[in-house]
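A look at the structure
Here are the chains, one letter per residue:
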Number of protein chains: 2
Amino acid sequence: MSTLTSTTTECCVPAVRDSLDVGAAEDIARGYKALGDPTRLRLLALVASGEGGEACVCDLTEPVGLSQATVSHHLKILVEAGLLTRERRGTWSYYTIQHPRFDELGRQLLTSAMPA
Amino acid sequence: MSTLTSTTTECCVPAVRDSLDVGAAEDIARGYKALGDPTRLRLLALVASGEGGEACVCDLTEPVGLSQATVSHHLKILVEAGLLTRERRGTWSYYTIQHPRFDELGRQLLTSAMPA
């Protein structure tokens, strides 16, 4: 964690500390960016509510009303952001929620809003 | 909240419910999208750690190493997403964290990852 202190100017709060370093901010931002799309949020909700906390891509297209190619594209972004894992079984890919990543992003959200 | 049930196919989880309706998903996604940028996360951390939980735009440029115009642009996105409020005092704008919006997004993050 960096602790940067701004210069004091006549107008301002005397010291503003930066409690989030650049590398951490980039990793966390990647997670939020993946969440920043309504279709992806609905896909996550669908996967989370699937039996055993997983869902097949073939079971996700109809609820969101999009093609399998589009749904697979969104799922790929969620996997790359660490929010889902993908497992191939025969013809189909199955997706599972990665709870530790959600916890991490949730904690960061609360930390961002709290005084350091 | 909509409760959409997908058709059962031979490969898949029998029933996947959609616990997030379209309107709610769009509002929440707007919040996450605003958070999906490392500079904006750092600005939020800076505002949160400012004296009295607020900060002047003039005190935020140096820690993130960007021009005031760029910082103001990022702050505008955060205000539009409901994460900050802006108050004009004399020459300067002061920004304050909107805790209820952070709580809402944090709760949604946990809900997305939990079975409905």
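Because the structure is a prediction, the values reported are computed rather than measured.

Rules behind the numbers
- Residues numbered from 1 in each chain as written.
- Chains lettered and ligands numbered in written order.
- Predicted model: local features only at pLDDT ≥ 70, side-chain atom pairs only at ≥ 80, totals over all residues.
- Heavy atoms only, no water.
- Helix = DSSP H or I, 4+ residues; strand = E, 2+ residues; numbered from the N terminus.
- Buried < 20%, exposed > 50% of the residue type's maximum accessible area, 1.4 Å probe, protein only.
- Axes fitted to C-alpha atoms, helices over the stretch in contact; angles between N-to-C directions.
- Parallel < 35°, antiparallel > 145°, perpendicular 65-115°, else oblique.
- Contact = heavy atoms within 4.5 Å.
- Nonpolar A, V, L, I, M, F, W, Y, C, P; charged D, E, K, R; others polar.
- Phe/Tyr/Trp six-rings, centres within 6.5 Å; stacked < 30°, edge-to-face > 60°.
- Lys NZ or Arg CZ within 6 Å of the ring centre and 35° of its normal.
- pLDDT = per-residue confidence, 0-100.
- Pairing = 2+ DSSP bridges.
- Expected span 1.5 Å × (residues − 1).
- Arc of directions from axis to C-beta.

Now for the environment of Q108(A). Residue and element names in this part refer to chain A. Structurally, Q108 is set in helix 5 (residues 99-112). In this structure Q108 comes out as buried when scored by relative accessible area, which is 13%. Separated by 48 residues in the primary sequence, Q108 and L60 place their C-alpha atoms 29 Å from one another.

Residues and elements named next belong to chain B. It is the contact of helix 2 (residues 38-49) with helix 4 (residues 68-80), at a shortest axis distance of 10 Å, that shows an interaxial angle of 80 degrees. Considering their axes alone, helix 2 and helix 4 lie roughly perpendicular with respect to each other. Across the interface between the two elements, T39, R40, L43 and L44 from helix 2 touch V71, H74, L75, I77 and L78 from helix 4. Split into classes, the residues belonging to the contact of helix 2 with helix 4 amount to six nonpolar, two polar and one charged.

Attention now goes to the packing of aromatic side chains. Considering all chains together, one arrives at one aromatic pair over all chains under this definition. Seen in terms of ring centroids, Y32(A) and Y32(B) are 6.3 Å apart; in terms of plane orientation they differ by 5 degrees. Their pairing is stacked. Here the residue Y32(A) occupies a position in helix 1 (residues 22-35), and Y32(B) occupies one in helix 1 (residues 22-35), the pair thus bridging two chains. When its relative accessible area of 0% is taken as the criterion, Y32(A) is described as buried. The ring of Y94(A) has R89(A) sitting right over it, with the charged end atom 4.3 Å from the ring centre.

All right, on to the confidence of the model for chain A then. Residue and element names in this part refer to chain A. Taken residue by residue, chain A gives an average pLDDT of 81. The fraction at 70 or more is 77%. The weakest mean pLDDT in chain A belongs to helix 5 at 80; the strongest belongs to helix 4 (residues 68-80) at 96. Scored below 50 in pLDDT, residues 1-17 makes 53 contacts in the model with residues more than four places away or belonging to other chains. Scored as a whole, the predicted complex attains pTM 0.77, and scored at its interfaces, ipTM 0.75.

A few words now on the sheet that holds strand 1 (residues 54-56) of chain A. Residue and element names in this part refer to chain A. If you trace the three strands from one edge of the open sheet to the other, you get 1-3-2, paired in antiparallel fashion. Strands with a single pairing partner mark the edges of an open sheet, and in this sheet they are strand 1 and strand 2 (84-89). Pairs of neighbouring strands in the sheet enclose a mean axial angle of 25 degrees, with direction left out of account. Packing against the sheet, helix 2 (residues 38-48) makes contact with strand 1, strand 2 and strand 3 (92-97), and its axis sits at approximately 90 degrees to strand 3. Contacts from helix 4 reach strand 2 and strand 3, with the element oriented near 125 degrees to strand 2.

Residue and element names in this part refer to chain B. Over its 13 residues, helix 4 extends 18 Å from the first C-alpha to the last, a length consistent with the 18 Å expected when each residue adds 1.5 Å. Those residues of helix 4 lying buried are V71, H74, L75 and L78. What you see down the axis of helix 4 is that its buried residues fit within an arc of 100 degrees, all on one side. Opposite its buried face, helix 4 presents the exposed residues A69, K76 and E80, each directed more than 90 degrees away. Of the residues one or two after helix 4, G82 is the one with positive phi, at around 80 degrees.

Okay, the sheet that holds strand 2 (residues 84-89) of chain B next. Residue and element names in this part refer to chain B. The sheet built from three strands is open, its strands ordered 1-3-2 with antiparallel pairing. Single-partner strands in this sheet number two, and they are strand 1 (54-56) and strand 2. Ignoring strand direction, the axes of neighbouring strands in this sheet form an average angle of 25 degrees. Together, strand 1, strand 2 and strand 3 (92-97) form the strand contacts of helix 2, whose direction differs from that of strand 3 by roughly 90 degrees. Across the face of the sheet, helix 4 comes into contact with strand 2 and strand 3 while running at roughly 125 degrees to strand 2.

So, on to the environment of T61(B). Residue and element names in this part refer to chain B. By secondary structure assignment, the location of T61 is in helix 3 (residues 61-64). The exposure class of T61 is buried, given its relative accessible area of 15%. Put simply, T61 and S72 are eleven residues apart on the chain and 9.0 Å apart in space, counted from C-alpha to C-alpha. Excluding anything up to four places from it in sequence, T61 contacts L66, S67, Q68 and V71.

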